[in-house]
Amino acid sequence: SEVEIELVEGGEIRFSGDPHAEGTTGTILELDPPRRLAFTWSADELHFELEPVGDDGCRLILINVLEERDTAARNSAGWAVCLGELDKLVAGERPDGSHSPTAEAWRPVYEANVAAGMPHGAWLPSESEEATGRR
């Protein structure tokens, strides 16, 4: 997605260009650069935090507060793909893009999440618009 953000608490964040979702807006809930960023995304909340590790590293902690329980398996799998793309970028590699054909890598993660008992049943990006009525 393309992102425009007003970097102040209460500021607006706008997402566009995602082939699987309409443009959305959210509100910055927390901002403590470079450590924390939290915002609403549709009806969910996303919380990103960088935690120091060793002398020159950090760990990214992502919490997705869900409005709908049945999105848990899907969102978790989607974030696994997106964060994998971020890993490539940080390593100096060229990302494929989270919506590239290689992004189907999320499906085995999704299926493992479902098999582990994670709530599921929400619309999936690979489902056709005709089958779901989603546009």
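Please refer to the structure placed before this passage.
Thresholds applied
- Residues numbered from 1 in each chain as written.
- Predicted model: local features only at pLDDT ≥ 70, side-chain atom pairs only at ≥ 80, totals over all residues.
- Heavy atoms only, no water.
- Helix = DSSP H or I, 4+ residues; strand = E, 2+ residues; numbered from the N terminus.
- Buried < 20%, exposed > 50% of the residue type's maximum accessible area, 1.4 Å probe, protein only.
- Contact = heavy atoms within 4.5 Å.
- Areas by Shrake-Rupley, 256 points an atom, 1.4 Å probe, with all protein chains shown as cover.
- Pairing = 2+ DSSP bridges.
- Polar contact = N/O pair within 3.5 Å; in protein donor to acceptor, adjacent residues only side chain to side chain.

Draft legend 1. Here's a closer look at the overall build of the chain. Check the secondary structure of the chain and you find 3 helices and 6 strands. Here the chain holds 135 residues, and the buried ones make up 22% of them. Sequence-distant contacts in the chain: of pairs separated by 6 or more residues, those separated by 24 or more amount to 26%. Carbon and sulfur atoms provide 53% of the accessible area of the chain, an area that totals close to 8900 Å².

Draft legend 2. A look at the pairing of strand E6 (residues 57–65). Where strand E5 (residues 44–53) and E6 come together, 9 bridges link them in antiparallel fashion. Residue Leu 46 lies in a different strand from E6, and its bridge partner there is Asn 64. In this structure, the hairpin formed by E5 and E6 is closed by a connection of 3 residues, where Gly 54 is found at a positive phi of approximately 65°.

Draft legend 3. Broad picture of the side chain of Asn 75. Its location among the elements puts Asn 75 in helix H1 (residues 72–90). Within the structure, the side chain of Asn 75 is placed 3.1 Å from the side chain of Asn 64, a separation counted as a polar contact. Aside from chain neighbours lying at most four places away, what touches Asn 75 is Asp 44, Asn 64 and Leu 66.

Limitation: the analysis is restricted to geometry and does not speak to function.
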